[in-house]
Amino acid sequence: DAKDAKKAKINTEINEIVASIQAERAKKDKKMEEFQTGPVREKSQKINAKSEERNVLEMKIRTINEAIPKKTLEVDKNLISDIVGPGGATVRQIEEDFGVVIDVRRMEGEVVIKGSECADCASAVGEILQKAA
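Residues numbered from 1 in each chain as written. Predicted model: local features only at pLDDT ≥ 70, side-chain atom pairs only at ≥ 80, totals over all residues. Heavy atoms only, no water.

(A) Highlighting the nonpolar core. Within the largest apolar cluster, 15 residues are counted, with the highest numbers of intra-cluster contacts made by L73, I83, I102, V111 and I113. For this core, the elements supplying multiple residues, two or more each, are α3 (80–84), α4 (89–98), β3 (110–114) and α5 (118–132). When residues of this core are assigned to their parent elements, the largest contribution, 4 residues, is made by α5. Beyond its immediate sequence surroundings of up to four residues, L73 is in contact with G109, E110, V111, I113, A122 and V125. (Core = buried A, V, L, I, M, F, W, Y, C linked by side-chain atoms within 4.5 Å. Buried < 20%, exposed > 50% of the residue type's maximum accessible area, 1.4 Å probe, protein only. Helix = DSSP H or I, 4+ residues; strand = E, 2+ residues; numbered from the N terminus. Contact = heavy atoms within 4.5 Å.)

(B) View of the pairing of β3. Counting buried residues in β3 gives 4 out of 5 residues, a clear majority hidden from the surface. One ladder, built from 5 bridges, connects strand β1 (residues 70–74) with β3; its direction is antiparallel. The residue of β3 that forms the bridge with E74 is E110. Note that strand β2 (residues 101–105) and β3 share 5 bridges and pair antiparallel. When the bridges of β3 are listed, V104 appears paired with V111. Counting the residues in the hairpin turn of β2 and β3 gives 4 residues, including G109, whose phi is positive at 70°. (Pairing = 2+ DSSP bridges.)

(C) Broad picture of the pattern of salt bridges. Counted according to the given criterion, the structure contains 3 salt bridges. Close ionic contact of E24 with K27 constitutes a salt bridge, the shortest N to O distance being 3.7 Å. Of the two residues, E24 and K27 both sit in helix α1 (residues 2–37), 3 residues apart, roughly one turn of that helix. Note that R105 and D103 form a salt bridge whose closest N and O atoms lie 2.9 Å from each other. On the accessibility criterion, R105 (32% relative accessible area) is partly exposed. (Salt bridge = Lys/Arg side-chain N within 4 Å of Asp/Glu carboxyl O.)

(D) Structural view of the environment of D103. Take D103: it is sitting in strand β2. Sequence separation between D103 and V84 is 19 residues, and the spatial gap between their C-alpha atoms is 10.0 Å. The contacts of D103, once residues within four sequence positions are left out, are E110, V111 and V112. Here R105 takes part through its side chain, which lies 2.9 Å from a polar atom of the side chain of D103. (Polar contact = N/O pair within 3.5 Å; in protein donor to acceptor, adjacent residues only side chain to side chain.)

This is the structure:
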């Protein structure tokens, strides 16, 4: 009968559409698997390894920085330029003479001195401040 034939034809078409969708899904799943296990995954693993290495290095740097003696001097912001000197010459000279690193924090009115000779460097900065006063 005609109704049964029409239903059978519709069911066949539905089954073909479902089969087509399943085939497309299988292709996409295969591509996704290749994507996740291929060169992209290797690259991702390399990036993760480098990130872990960076984290280890950052922790080592923090540990070293914490171990370096430092002294923080609070300074009148108006006198900071006397410590820095023309073009930074005074700070560079102190760093060279005492083997330290000086971080001038103008906005905070602080001078942070790092190195093994912080006490000597603090004395040198003190002398500069006395001369500037």
